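The residues making up each chain are set out below.
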Amino acid sequence: MLDHVSPSIQEAVVVMPEVTRTGRSTLVVHADREVHPSGAVAPPIYQSATFAADDADEFARVALEPRGKDFYTRYGNPNHAQVAAIVAELEGTEAALVTASGMAALTTAVLALVSAGDHVIGQKSTYGGTASVLLNLLPRLGVATTLVDQGDPGAFAAALNRNTRLILLESPSNPLLQITDLRAVADLARAHGVVTMADNTFATPINQRPAEYGIDLVWHSATKYLNGHSDVSAGVLAGPTRLLDRVWDTAILTGAVLGPVDAWLLLRGMRTLPLRMSRHNANGQALAEALSGHRAVARVHYPGLPSHPQHDLAKCQMSGFGAVLGVELAGGYAAADAFLGRLRHSRRAASLGGVESLAVHPAAMWRGMLSDTQIAASGVPSGLIRLAAGIEDAADLVHDALAAADSVIEYEDSPTRPKEPVS
Ligand SMILES: *Cc1c(COP(=O)(O)O)cnc(C)c1O
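Thresholds applied
Residues numbered from 1 in each chain as written. Predicted model: local features only at pLDDT ≥ 70, side-chain atom pairs only at ≥ 80, totals over all residues. Heavy atoms only, no water. Pairing = 2+ DSSP bridges. Helix = DSSP H or I, 4+ residues; strand = E, 2+ residues; numbered from the N terminus. Axes fitted to C-alpha atoms, helices over the stretch in contact; angles between N-to-C directions. Contact = heavy atoms within 4.5 Å. UniProt positions renumbered as here; feature names shortened; annotations may be inferred. Buried < 20%, exposed > 50% of the residue type's maximum accessible area, 1.4 Å probe, protein only. Near = heavy atom within 4 Å. Polar contact = N/O pair within 3.5 Å; in protein donor to acceptor, adjacent residues only side chain to side chain. Areas by Shrake-Rupley, 256 points an atom, 1.4 Å probe, with all protein chains shown as cover. Core = buried A, V, L, I, M, F, W, Y, C linked by side-chain atoms within 4.5 Å. Domains from an automatic or database assignment. Parallel < 35°, antiparallel > 145°, perpendicular 65-115°, else oblique. Left-handed = near helix turned anticlockwise from the far one by under 90°. Nonpolar A, V, L, I, M, F, W, Y, C, P; charged D, E, K, R; others polar. Buried area = accessible area lost by both parts, 1.4 Å probe. Salt bridge = Lys/Arg side-chain N within 4 Å of Asp/Glu carboxyl O.

1. Considerations on the sheet that holds strand S6 (residues 217-221)
Sheet strands line up and pair through hydrogen bonds in the backbone, either parallel or antiparallel.
No. 1: Spatially, S1-S7-S6-S5-S4-S2-S3 is the arrangement adopted by the seven strands of the open sheet, whose pairing is mixed. Edge positions in the open sheet fall to strand S1 (95-99) and strand S3 (144-148), since each of these has one partner strand only. The average undirected angle you get between the axes of adjacent strands in this sheet is 20°.
No. 2: As judged from the five bridges shared by S1 and strand S7 (residues 235-239), these two strands associate in the antiparallel manner. The residue of S7 that forms the bridge with alanine 95 is glycine 239.
No. 3: Across the sheet, helix H5 (residues 102-113) lies against S1, strand S4 (164-170), strand S5 (195-199), S6 and S7, angled at about 150° from S6, the strand it touches most.
No. 4: Strands in contact with helix H6 (residues 128-140) are strand S2 (119-123), S3, S4 and S6; relative to S3, the strand with the most contacts, it is inclined by about 155°.

2. A few points about the UniProt feature "modified residue: N6-(pyridoxal phosphate)lysine" (unreviewed entry) in the protein chain
No. 1: When the UniProt feature table is mapped onto this chain numbering, "modified residue: N6-(pyridoxal phosphate)lysine" (unreviewed entry) sits at Lys224.
No. 2: With respect to the secondary-structure elements, lysine 224 resides in the loop between S6 and S7.
No. 3: With a relative accessible area of 11%, lysine 224 lands in the buried category.
No. 4: Not counting the four nearest positions on each side in its chain, lysine 224 is found in contact with Thr201, Ser351, Leu352 and Gly353.

3. Details of the site of the ligand
No. 1: Around the ligand sit 13 residues in total, of which Met103, Asp199, Ser221, Thr223 and Lys224 are the nearest.
No. 2: Interatomic distance of 2.7 Å between a side-chain N/O atom of aspartate 199 and a nitrogen atom of the ligand.
No. 3: In the model, an oxygen atom of the ligand is placed 2.7 Å from a nitrogen or oxygen of the lysine 224 side chain.
No. 4: Look at the ligand: alone it shows 380 Å² of surface, and the protein chains cover 91% of it.
No. 5: Elements with a minimum of two residues in the shell around the ligand: H5 and S6.

4. Side note on the environment of threonine 196
No. 1: For threonine 196, the position within the fold is in strand S5.
No. 2: Given a relative accessible area of 1%, threonine 196 falls into the buried group.
No. 3: C-alpha separation for the pair threonine 196 and glycine 214, spaced 18 residues apart in sequence, amounts to 8.6 Å.
No. 4: The contacts of threonine 196, once residues within four sequence positions are left out, are Ile167, Val185, Ala186, Ala189, Gly214, Ile215, Asp216 and Leu217.

5. Notes on the nonpolar core
No. 1: With 65 residues, the main nonpolar core has Leu291, Leu325 and Leu329 as its most contacted residues.
No. 2: Summarising the domain contributions, this core has at least three residues from each of domain 1 (25-270) and domain 2 (273-406).
No. 3: Contact partners of leucine 291, with chain neighbours within four places excluded, come to Val297, Val300, Leu325, Val327, Leu387, Ala401, Leu402 and Ala405.
No. 4: Ranked by size, the runner-up nonpolar core spans 27 residues in total, among them Ala95, Leu113, Val195 and Ile252.

6. Examining the packing of helix H12 (residues 273-292) against helix H17 (residues 394-406)
No. 1: At their nearest, the axes of H12 and H17 sit 9 Å apart, and the two run at 30° to each other. The orientation of H12 relative to H17 falls into the category roughly parallel. The two elements H12 and H17 meet at a crossing, and its hand is right-handed. Residues Asn283, Ala286, Leu287, Ala290 and Leu291 of H12 lie in contact with H17, whose contacting residues are Ala394, Leu397, Val398, Ala401, Leu402 and Ala405.
No. 2: A class-by-class count of the residues in the contact of H12 with H17 yields ten nonpolar, one polar and no charged.

7. Brief notes about the sheet that holds strand S9 (residues 324-329)
No. 1: Pairing in this open sheet of five strands is mixed, and the strands run S8-S9-S12-S11-S10 from one edge to the other. The open sheet is flanked by strand S8 (297-301) and strand S10 (347-348), the only strands paired with a single partner.
No. 2: Looking at chain direction, strand S11 (residues 358-360) and strand S12 (residues 384-388) are connected through three bridges and run antiparallel. Note that in S12 the partner of alanine 359 across the bridge is leucine 387.
No. 3: With respect to the sheet, H12 is in contact with S8, S9 and S12, its orientation differing from that of S9 by roughly 15°.

8. A short note on the environment of leucine 237
No. 1: Considering the arrangement of structural elements, one finds leucine 237 in strand S7.
No. 2: A residue is classified by how much of its surface remains accessible, and leucine 237, at 0% relative accessible area, is buried.
No. 3: Distance from leucine 237 to alanine 96, taken between C-alpha atoms, is 5.4 Å for residues 141 residues apart in sequence.

9. Some details on the domain arrangement of the protein chain
No. 1: What the domain assignment reports for the protein chain is domain 1 (25-270) and domain 2 (273-406).
No. 2: The gap between the C-alpha centroids of domain 1 and domain 2 is 26 Å.
No. 3: A combined buried area of about 2,800 Å² lies between domain 1 and domain 2, and 60% of that area is made up of carbon and sulfur atoms.
No. 4: At the junction of domain 1 with domain 2, the criterion picks out zero salt bridges.
No. 5: Remark: the boundary between domain 1 and domain 2 carries 16 residue pairs in polar contact (both at pLDDT 80 or more).
No. 6: Elements that contribute at least two residues to the side of domain 1 that touches domain 2 include exactly helix H2 (24-30), helix H9 (204-207) and helix H11 (260-270).
No. 7: Sorting elements by how many residues they give to the side of domain 1 that touches domain 2 places H9 first, with three residues.

10. Brief notes about the pattern of salt bridges
No. 1: If you walk through the whole model with that rule in mind, you get nine salt bridges.
No. 2: Among the salt bridges present, the one from glutamate 58 reaches arginine 61, with a minimum N-O distance of 3.3 Å. Here glutamate 58 and its partner arginine 61 are both found in helix H3 (residues 56-64), three residues apart, which amounts to about one turn of the helix.
No. 3: Assessed through its relative accessible area of 46%, arginine 61 is described here as partly exposed.
No. 4: For the salt bridge of arginine 67 with aspartate 245, the shortest nitrogen-to-oxygen distance reads 2.6 Å. Of this pair, arginine 67 sits in the loop between H3 and helix H4 (78-91) while aspartate 245 sits in helix H10 (residues 241-254), and the two are 178 residues apart along the sequence.
No. 5: Since its relative accessible area comes to 27%, aspartate 245 is described here as partly exposed.
No. 6: Here the salt bridges do not stand alone but share partners, grouping Glu58, Arg61 and Glu65 into one network.

Put into structure tokens, the structure is as follows:
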């Protein structure tokens, strides 16, 4: 097989142990190749709502195939299957399921896995949509929920009861970048027959693979890093086929199906995921280090900083720390607002994980959505900015952020610091 290559290369190839896993940059380029083979080097867009079968047997077979690709697009489309093949390889799971958004991935899985009378455990620090599912949607459907402090594995154990069916994790969490001990919670859940499901949006499978620690289902807002270009809303769930088959039975009923063009764009975005993540990781680290020494900054929340209270745990379960950081301005709400207004390269927009830097002021964004008591209960300081670095040059982002921080020093020093509207 290797006759055509030089002896030294033959030796190098043969000496490599066979267990060597294909690298992630290779997987994102090739792992979908056999899913729907065609001679086209760039995969075609299967812009078709339905697919014809040759005979009755074939029709019956494709209709029943979980997460199939040749029956009806709500049941699965070749472009979904291509995305799923890559995500499953990256996450190290048996399979994956593509949905219309991250929230569709979450709600579909939750509706598939729990029923009235069951109990679900989630984290206090978690994405806003996930918090609403735990606090509003599930209780309305007769499912009890308990929110715990993710930094304390004992809190998960204490929250378990005999009706607990599901534990929802998020690490690092939004927007305080707190870390959950994935292995500890997975072990606890396994021992009690409880399913675990982790939101891996912030880390991506390049930085962290929850399945390696025993987490059952991994989900993403593929709107963020996986797609990476802020031009698609999509979601994905990765896990064992026995669980994904159950979720798929519900997915065809909720019908939150990703359009073929969006699946194709997501596929194209994922080709560069490892490349983008190495730049995102470097930019996140550079910004966190530069801002953490600044007078106007009370604290930088970033798992890659030794000052992060869970830095050691983060180092154990992550190979990079991403590009989202919580920058807590010493001057509170007004300083955060002014800092955000002074940033030139980071625009004021929800979302993260795209090539461009974005920033939000959670306390300001939530003012219309949550009561003051809910904001206070979230533990998110009113002077916090969530900065999500893109793939711009680190020097430009650092220079821009330091200039913005310089501009709000007086907020800290002012004896008449503006009254914080939210506390
Ligand atoms: C954006 C986001 C979601 C929701 O995903 P959508 O694609 O917007 O539905 C869930 N979790 C995290 C951590 C997110 O950042």
